[in-house]
Amino acid sequence: MAKKIVKPIPARDYSARKSSNAQLWQNSQYLSKNLDMNISYFKNSFNQDTDIVYRYFTLYDKKVRAAIILVDSLVNKESIQKNLLRPLMNGDYPNGGIKDLFAVIKNNLLAMEDIREENQLDQLKDSILNGNVVLLIDGYDTAIIVSAQRWDMRVVEEPISEAAVRGSREGFNENLKTNIALIRRRLRTPQLKIENLKVGTLSKTNIAIAYIQGVASEDMVNEVKSRIKRIQIDGVLESKYIEELIEDAPTSPFPTVEYTERPDKVAASLLEGRIAIITDNTPFVLIVPAVLFQFLQSTEDYYQHYIVITPLRWIRIFALFISLFLPSIYIAATTFHPEMIPPPLAIAIAAQREGVPFPALIEALLMEISFEFLREAGIRLPKVIGQAVSIVGALIIGDAAVSASIVSPAMVIVVAFTGIASFIAPSFAFGFTIRLLRFPIMLIAGIFGFYGIMLSAIALMLHLASLRSFGVPYLSPIAPTNVSDLKDTLVRAPWWDMKSRPTHISEKNVKRQADHMKPQPDHGDDHQ
């Protein structure tokens, strides 16, 4: 019987079969036990990405092949060399074989803090792009993910947008873990819960939801998580993306989500039962729910004596009224109701406007728009010259406009006073809303006079009363009225009198301090 001759597979057929197997593997969701096939998958996925590093080496006396995959600019190379590669290549492996090699590597050899297993390819790609190191071992269909993240970031500095005379000098930066740590330092309790989410199909931005369990409403926490999970967007680069996609009134100019870069403000809000949304790559943390009076309060209100802060809050409310209505009142009074102005003042204003060719409405619009130009220019210019340009520009333009009889001196005073009043608002977003609403109210005042101003005020109050922030009325605790919560709205009661948390935020665990906390020092007579 003749011996059967087996012909070898031609090289081109073998190559085609290997390519076919690799192509079939590309459609899989899990790792293979073949190291070359796994590396081929990642190289195809990160095609033309020059910052992806593949490092090959051997384990167990050069008997087992392995490789690590990382992003060159996102990892701590010194830590990888010292705590990962050196122990793996020179480690003390067991003599009884390599049956438990994977467990030995994970549990005994790697001197890293965060180590976990993963076999899903998509999860491994996300881990690499997040700055982790993926360790692949030939013969195993599970990879080891090692946390070795490191990248340049801004140090913790004083917040620029919310400066305070007294209080913490620490502000959030663009690193999510750092921001969480700043909150943890202030609330050292296991009740502080941090839940992580990812938003953005391409950016895969890390987001953390912070709240105090037992204080924050569970329904509100679930609502916040539900709204964030419903977001379907390709990228989230700043917390404003999240704010616009979860707010209750997206068409309203009034903010219903507060943002801050002060860790102490976030901690205080969490103690009241609110929820914080921390977004990676931005120093601004969102706080929900947010009500109207929240935007008129400063963090420093709670670091100064309550007797001093209460009149300051009234000054802010008066400044808010001035910023919103003063130009409109001037237009209405000089155009439709001059009899309401005291005669000496009316005569002085009339004498000043004698050579002005424009009506009061056009005069006010010209000055207000010029003032907004200067304000925006001062913000966009370099900090060294921005303030000088805005101040000098306002003085020069105002003086030139008066000299050219384009506007009256009284209008310059009104616009300057209005601009100064608009700077008093602690919240930039709320102050910007007031600046925006000033213009339509001026137009209405120029058409209908004081009747238009009253109609505008009524429409504004109706709109505010209709707003909600995660179910909480925007005018709380004024409407609906809650007497116990009024201690921290128009006035600032002393700490020993604010025994309960705001009940319009959460009705759980309302009591936050013991009774009889008012200081009662001993007097000298008691010791005689």
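Residues numbered from 1 in each chain as written. Predicted model: local features only at pLDDT ≥ 70, side-chain atom pairs only at ≥ 80, totals over all residues. Heavy atoms only, no water.

*Asks:* Quick question: what am I supposed to make of helix H4 (residues 101-109) here?
*Replies:* Every α-helix winds through 3.6 residues per turn, so residues three or four apart in the chain are directed the same way. For H4, the full list of buried residues reads Leu 101, Phe 102, Val 104, Ile 105 and Leu 109. Axial view of H4: buried residues confined to an arc of 165°, hence all on one face. Structurally, H4 contributes buried residues whose contacts are with strand E1 (52-59), strand E2 (64-71), helix H3 (77-90), strand E3 (115-118), strand E4 (132-137) and strand E5 (143-147). (Buried < 20%, exposed > 50% of the residue type's maximum accessible area, 1.4 Å probe, protein only. Helix = DSSP H or I, 4+ residues; strand = E, 2+ residues; numbered from the N terminus. Arc of directions from axis to C-beta. Contact = heavy atoms within 4.5 Å.)

*Asks:* Which parts of the structure should I look at to understand the side chain of Arg 227?
*Replies:* Within the fold, Arg 227 resides in helix H7 (residues 218-229). Classification of Arg 227 by relative accessible area gives buried; the value is 13%. Here Glu 223 takes part through its side chain, which lies 2.7 Å from a polar atom of the side chain of Arg 227. Apart from the residues within four sequence positions on either side, Arg 227 is in contact with Ile 246, Glu 247, Asp 248 and Phe 470. (Polar contact = N/O pair within 3.5 Å; in protein donor to acceptor, adjacent residues only side chain to side chain.)

*Asks:* I keep staring at the packing of aromatic side chains and nothing clicks. Help me out?
*Replies:* Taken as a whole, this structure holds 9 aromatic pairs when the rule is applied. Judged by centre distance (5.5 Å) and plane angle (85°), the rings of Tyr 259 and Phe 284 are edge-to-face. Note that Tyr 259 is positioned in strand E8 (residues 258-260) and Phe 284 in the loop between strand E9 (275-279) and strand E10 (285-288), a separation of 25 residues in sequence. Judged by centre distance (6.5 Å) and plane angle (90°), the rings of Tyr 306 and Trp 496 are edge-to-face. Of the two residues, Tyr 306 sits in helix H10 (residues 306-335) while Trp 496 sits in the segment after strand E12 (472-473), which places them 190 residues apart along the sequence. Look at Tyr 306 and you get partly exposed, because its relative accessible area is 26%. The ring of Tyr 54 has Lys 43 sitting right over it, with the charged end atom 5.3 Å from the ring centre. (Phe/Tyr/Trp six-rings, centres within 6.5 Å; stacked < 30°, edge-to-face > 60°. Lys NZ or Arg CZ within 6 Å of the ring centre and 35° of its normal.)

*Asks:* Would you mind showing me how to read the sheet that holds E2 here?
*Replies:* Read across the open sheet, the 5 strands follow the order E1-E2-E4-E5-E3; overall the sheet is antiparallel. Since the sheet does not close on itself, it has two edges, and those belong to E1 and E3, each with one partner. Sheet twist, expressed as the mean angle between neighbouring strand axes with direction ignored, is 25°. Strand contacts of helix H2 (residues 35-45): E1, E2 and E4, with the helix running at about 15° to E2, the strand carrying the most contacts. Running at roughly 35° to E1, H3 makes contact with E1, E2, E4 and E5 of the sheet. (Pairing = 2+ DSSP bridges. Axes fitted to C-alpha atoms, helices over the stretch in contact; angles between N-to-C directions.)

*Asks:* Just checking my understanding: could you explain empty space enclosed by the protein for this structure?
*Replies:* Empty pockets left among the atoms are what a rolling probe the size of a water molecule brings to light. One pass over the full model with this rule turns up 2 cavities of 30 Å³ or more. Taken as a whole, the largest cavity spans an internal volume of roughly 80 Å³. What lines the largest cavity is a set of 13 residues, and nearest its centre among them are Ala 319, Leu 320, Ala 421, Ser 422 and Ala 425. Elements supplying a minimum of two residues to the lining of the largest cavity: H10, helix H14 (409-422) and helix H15 (428-448). The greatest single-element share of the lining of the largest cavity, amounting to 4 residues, is contributed by H10. (1 Å grid on protein atoms, 1.4 Å probe; cavity = no way out; pocket = protein on both sides within 12 Å on 5 of 7 lines; lining within 4 Å. Points joined across faces, edges and corners; volume = space filled by probe spheres on them.)

*Asks:* Would you mind going over the layout of surface pockets with me for this structure?
*Replies:* By volume, the second largest pocket is sized at about 1,200 Å³. In the lining of the second largest pocket, the residues fall into 12 nonpolar, 16 polar and 12 charged. (Nonpolar A, V, L, I, M, F, W, Y, C, P; charged D, E, K, R; others polar.)

*Asks:* Is there a simple way to explain the pairing of E1 in this structure?
*Replies:* Regular strands place their side chains on alternate faces of the sheet. Bridging between E1 and E2 involves 8 bridges; their strand directions are antiparallel. Paired with Thr 58 across the bridge in E2 is Arg 65. Counting the residues that bridge the hairpin from E1 to E2 gives 4 residues, and of these Tyr 60 lies at a positive phi of roughly 55°.

*Asks:* Help me out: how do you make sense of the sheet that holds E9 in this one?
*Replies:* Within a beta sheet, neighbouring strands are joined by backbone hydrogen bonds and run either parallel or antiparallel to one another. The 5 strands are arranged E6-E7-E9-E10-E8 in an open sheet whose pairing can be described as antiparallel. Single-partner strands in this sheet number two, and they are strand E6 (192-199) and E8. The average angle at which neighbouring strand axes cross in this sheet is 25°, direction not considered. Of the strand pairs in this sheet, E6 and strand E7 (residues 205-212) are connected by 8 bridges, and their pairing is antiparallel. Bridge pairing in E7 links Leu 192 to Ile 212. Together, E6, E7, E8, E9 and E10 form the strand contacts of helix H8 (residues 239-246), whose direction differs from that of E9 by roughly 135°.

*Asks:* Looking at this structure, I do not really get the packing of H10 against helix H12 (residues 360-380). What am I missing?
*Replies:* Angle between the axes and distance between the axes are the two parameters that describe a pair of packed helices. Contact geometry for H10 and H12: axes closest at 9 Å, N-to-C directions at 160°. One finds that H10 runs roughly antiparallel with respect to H12. When the axes of H10 and H12 are compared, the crossing they make is right-handed. Taking contact as the criterion, the partners of Pro 327, Ile 331, Thr 334 and Thr 335 in H10 are, on H12, Ala 360, Leu 361, Ala 364 and Glu 368. Partitioning the contact of H10 with H12 into residue classes produces 5 nonpolar, 2 polar and 1 charged. (Parallel < 35°, antiparallel > 145°, perpendicular 65-115°, else oblique. Left-handed = near helix turned anticlockwise from the far one by under 90°.)

*Asks:* Even after reading the chapter, I still don't get the confidence of the model for the chain, so can you show me in this structure?
*Replies:* Any region with low pLDDT has predicted coordinates that should not be read closely. Overall, the predicted model of the chain reaches an average pLDDT of 85, with 91% of residues at or above 70. Counted against residues more than four places away or in other chains, residues 1-22, with its pLDDT under 50, gives 2 contacts. (pLDDT = per-residue confidence, 0-100.)

*Asks:* Looking at this structure, I do not really get the pattern of salt bridges. What am I missing?
*Replies:* Where charged atoms from two side chains of opposite charge approach closely, those side chains can pair. What the rule picks out here adds up to 31 salt bridges. The shortest N-O distance in the salt bridge between Arg 116 and Asp 114 comes to 3.7 Å. Among the residues examined, Arg 116 registers a relative accessible area of 33% and is labelled partly exposed. When the shortest N-O distance is used, the salt bridge between Glu 223 and Arg 227 registers 2.7 Å. Taken together, the residues Glu 223 and Arg 227, both in helix H7 and 4 residues apart, mark about one turn of the helix. In this structure Glu 223 comes out as partly exposed when scored by relative accessible area, which is 31%. Through salt bridges with shared partners, a single network forms among Glu 368, Glu 372, Arg 375, Glu 376, Arg 435 and Arg 438. (Salt bridge = Lys/Arg side-chain N within 4 Å of Asp/Glu carboxyl O.)

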